[in-house]
Amino acid sequence: MSERERTFVMVKPDGVKRGLIGEIVSRFEERGLKLVAGKFIEIPRDLAEEHYGEHEDKPFFEGLVDFITSGPVFAMVWEGGDATRQVRHMVGETDPAESPAGTIRGDLGLDLGRNVIHASDHEDPGSNEREIELFFDEAELIDYERPDEALLYE
Ligand code: GTP
Ligand code: MG
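All values derive from a computational prediction rather than experimental measurement. (Residues numbered from 1 in each chain as written. Chains lettered and ligands numbered in written order. Predicted model: local features only at pLDDT ≥ 70, side-chain atom pairs only at ≥ 80, totals over all residues. Heavy atoms only, no water.)

Caption draft 1: The arrangement of the UniProt feature "active site" (unreviewed entry) in the protein in detail. UniProt feature "active site" (unreviewed entry): in the numbering of this structure it lies at His118. On the secondary structure map, His118 appears in strand 4 (residues 117-119). Residue His118 is classed as buried on the basis of its relative accessible area, which comes to 8%. Setting aside residues up to four positions removed in sequence, His118 forms contacts with Phe8, Val9, Met10, Lys12, His51, Tyr52, Arg105 and Glu131. (UniProt positions renumbered as here; feature names shortened; annotations may be inferred. Helix = DSSP H or I, 4+ residues; strand = E, 2+ residues; numbered from the N terminus. Buried < 20%, exposed > 50% of the residue type's maximum accessible area, 1.4 Å probe, protein only. Contact = heavy atoms within 4.5 Å.)

Caption draft 2: Representation of the packing of aromatic side chains. If you walk through the whole model with that rule in mind, you get 3 aromatic pairs. Taking the centre distance of 6.4 Å and the plane angle of 65° together, the rings of Phe8 and Phe136 count as edge-to-face. Placement of Phe8 in strand 1 (residues 4-11) and of Phe136 in the loop between helix 7 (127-135) and helix 8 (149-152) is noted, with a sequence separation of 128 residues between them. Both residues of the pair, Phe8 and Phe136, count as buried. One aromatic cluster in this structure is built from Phe8, Phe135 and Phe136. Positioned above the aromatic ring of Tyr153 is the side chain of Arg4, whose terminal nitrogen or guanidinium carbon lies 3.6 Å from the ring centre. It is Arg114 that lies over the ring of Phe67; its NZ or CZ is 4.2 Å from the centre. (Phe/Tyr/Trp six-rings, centres within 6.5 Å; stacked < 30°, edge-to-face > 60°. Lys NZ or Arg CZ within 6 Å of the ring centre and 35° of its normal.)

Caption draft 3: Seen up close, the UniProt feature "binding site: ATP" (unreviewed entry) in the protein. According to UniProt, the feature "binding site: ATP" (unreviewed entry) maps to Lys12, Phe60, Arg88, Thr94, Arg105 and Asn115 in the numbering used here. The residue Phe60 is located in the loop between helix 3 (45-51) and helix 4 (61-68) in this model. For Phe60, a relative accessible area of 42% gives the class partly exposed. Following the sequence through the fold, Asn115 ends up in the loop between helix 6 (104-108) and strand 4. Judged by its relative accessible area of 4%, Asn115 is buried. Asn115 has contacts with Lys12, Asp14, Thr94, Pro96 and Arg105, leaving out every residue within four places of it along the chain. Engagement of the side chain of Asn115 in a polar contact is seen with the side chain of Lys12, the distance being 2.7 Å. (Polar contact = N/O pair within 3.5 Å; in protein donor to acceptor, adjacent residues only side chain to side chain.)

Caption draft 4: The arrangement of the sheet that holds strand 4 in detail. Across the sheet, which stays open at both edges, the 4 strands sit in the order 2-3-1-4 with antiparallel pairing between neighbours. Only two strands of the sheet have a single neighbouring strand rather than two, namely strand 2 (34-41) and strand 4. Averaged over all neighbouring strand pairs, the angle between strand axes comes to 20°, with direction disregarded. Direction of pairing for strand 1 relative to strand 4: antiparallel, over a ladder of 3 bridges. Pairing of Val9 across the sheet is with Ala119, part of strand 4. Relative to strand 3 (residues 73-81), helix 2 (residues 21-31) is tilted by about 10°, and along the sheet it contacts strand 1, strand 2, strand 3 and strand 4. (Pairing = 2+ DSSP bridges. Axes fitted to C-alpha atoms, helices over the stretch in contact; angles between N-to-C directions.)

As structure tokens, this is what we get:
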């Protein structure tokens, strides 16, 4: 059975302003993932710069930080088997135009710079834990059981 783990996800300002929080949360809930933390915040610029630090030398960095700080985001932690990789599968490609139908970006977005959602990168080991720590205190991560876990996992 796949390892249970936690991953960081956030609905970006475009997704929040377009009223897509509920749609996105529903997809993860229905998949069987468990919400263990969530908060509605405006990201301070220094946090945004740290979060996207891997891109600081890229030409799109300033625009990316401007955008992610341009309005509220809904930050979350989701838990489940192989969660980081499974969430990225559900999110789709970085560019919504290249994302298959059925993925969040493929169904809900059109443009690379307005791609609705962020999720930790399963190809960057440790990014999930690093991002969770950046956005949440330990006390904000809530442990509980989903009664349907017995049906979701063998
Ligand atoms: P995140 O979940 O937001 O981290 O996206 P990602 O992991 O799919 O892509 P990546 O981390 O490589 O890039 C971070 C964000 O920068 C993307 O979500 C895009 O919005 C933006 N971005 C990435 N590449 C480009 C680019 O070539 N041009 C522009 N304008 N934006 C880009
Ligand atoms: Mg990324």
